[in-house]
Amino acid sequence: MSAGLVVLLVIAFFVLLVIGRTVRIIPQARAAVVERLGRFSRTLEPGLAVVVPFVDRVRPLIDLREQVVSFPPQPVITEDNLVVQIDSVIYYQVTDPKAASYEIANFIQAIEQLTVTTLRNVIGGITLEQTLTSRDSINSELRIVLDEATGKWGVRVNRVELKAVDPPPSIQEAMEKQMRAERDKRAAILQAEGVKQSQILTAEGEKQSAILRAEGQRESQALYAEGQAKAIETVFNAIHAGDPDPKLLAYQYLQMLPEIAKGDANKVWVIPSEITSALGSIGPMVENVRRSAAGPGVSQPPDGSPPAGGPA
């Protein structure tokens, strides 16, 4: 009874082993290469697959997704004989599981070595400054070379990036000094431009202010002259409207003589002849006024002596 149970257990284990080696489940974005009796048979796609047990051998799964691998810094000599350390990153994808399994033993190591040699060829033909400023062109050239070389391996290189380009410490220090000098130069230029613009704006402001002051003064003088002209015109019209006689004009001139004599520089007076004749006519008028004030019966001798009977 115990012997039969052992046999059943052995048979069950064998059946499970056969089923496990017959049925294979391939995950999505994976592929498996099947070898029958040591030779390539077929490639298993994602899903459920059945193989012949003990005859077919399934190799390890191959990842078909895009993958990223970063390589350690590599010393590269530029055209101007400077050693720089360059870190590179490769984005690749397996497109043919069969070629990736049989055309090359380790395609990751092959891509790394090919990247190093290609990078040295490319960087060796350009200067350090071009290396620092032309990363896009270097990346494109590296990707083209790697894609052509890895095509027969069943691998497609989608992208190549230079992660870091580190010049020697002495070159870095010199570059920092140069950049600092350039920044100081730009700052000095900007400051000088600012001072220049400030002086220009100040001069423009002073010019506009002077122009406005001159225009204001000119308008003020014009208005003052216009007012004087109107006043003179008004006085002239009033005089003509009143029709004054020469005696009134002479009297007005006599009233203005003290005002004319107030100035220190007025040493010589020029009296027009018309005023002199007008003054001559004022004498009789004043005499008549005095006689009228003295009363009737009082006569004045022609020679200006006191009247008879009065005090001597």
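Residues numbered from 1 in each chain as written. Predicted model: local features only at pLDDT ≥ 70, side-chain atom pairs only at ≥ 80, totals over all residues. Heavy atoms only, no water.

Visitor: I tried to follow the pairing of strand β2 (residues 30–36) on my own but got confused; where do I start?
Guide: Look at any regular strand and the pattern is simple: side chains alternate between the two faces of the sheet. Counted residue by residue, β2 has 5 buried out of 7 residues, so it is predominantly covered. Pairing analysis gives 2 bridges linking β2 to strand β6 (residues 62–63), with the strands arranged antiparallel. Opposite A31, over in β6, you have I62 as the bridge partner. For β2 and strand β3 (residues 39–44), the ladder comprises 5 bridges, and the chain directions are antiparallel. The residue of β3 that forms the bridge with E35 is F40. Turn length for the β2-β3 hairpin, with the two strands adjacent in sequence and antiparallel, is 2 residues, and the turn residue L37 shows positive phi of about 55°. Inspection of the sheet shows β2 paired to strand β5 (residues 56–58) by 3 bridges, in the antiparallel sense. (Buried < 20%, exposed > 50% of the residue type's maximum accessible area, 1.4 Å probe, protein only. Helix = DSSP H or I, 4+ residues; strand = E, 2+ residues; numbered from the N terminus. Pairing = 2+ DSSP bridges.)

Visitor: Is there a simple way to explain helix α5 (residues 135–150) in this structure?
Guide: In an α-helix, one turn spans 3.6 residues; hence positions three or four apart end up facing the same way. In this model, α5 (16 residues) spans 22 Å end to end at C-alpha, consistent with the 22 Å of a helix rising 1.5 Å per residue. Where α5 is buried, its residues contact β8 (83–94), α3 (107–123), α4 (128–133) and β9 (155–166). (Expected span 1.5 Å × (residues − 1). Contact = heavy atoms within 4.5 Å.)

Visitor: How do you make sense of the environment of V52 when you look at a structure like this?
Guide: Note that V52 resides in the loop between β4 (47–50) and β5. Judged by relative accessible area, V52 falls into the partly exposed class, the value being 35%.

Visitor: How should I be thinking about the pattern of salt bridges in this particular structure?
Guide: Oppositely charged side chains can pair when the atoms bearing their charge come close. Tallied over the entire structure, the rule returns 7 salt bridges. With a closest N to O distance of 3.3 Å, E35 and R59 form a salt bridge. Of the two residues, E35 is situated in strand β2 and R59 in the loop between β5 and β6; the sequence distance between them amounts to 24 residues. Taking the relative accessible area as the measure of exposure, R59 reaches 27% and is therefore partly exposed. For E161, the salt bridge identified is with R159, shortest N-O distance 2.7 Å. (Salt bridge = Lys/Arg side-chain N within 4 Å of Asp/Glu carboxyl O.)

Visitor: Can you help me understand the nonpolar core in this one?
Guide: Soluble, globular proteins show a tendency: their nonpolar side chains are buried together. Ranked by internal contacts, the top residues of the largest apolar core, which has 29 residues, are I86, I90, F107, L119 and I138. Within the residue set of this core, elements represented by two or more residues are β7 (67–77), β8, α3, α5 and β9. Counting residues in hydrophobic clusters, the runner-up holds 7 residues, among them A32, V34, A49 and V58. (Core = buried A, V, L, I, M, F, W, Y, C linked by side-chain atoms within 4.5 Å.)

Visitor: Would you explain the side chain of T115 in this entry?
Guide: In this fold, T115 is placed in helix α3. Classification of T115 by relative accessible area gives buried; the value is 1%. A distance of 2.7 Å separates the side chain of T115 from the backbone oxygen of I111, its partner in a polar contact. Residues in contact with T115, not counting those within four places in the same chain, are F71, S88, I90, L142 and L146. (Polar contact = N/O pair within 3.5 Å; in protein donor to acceptor, adjacent residues only side chain to side chain.)

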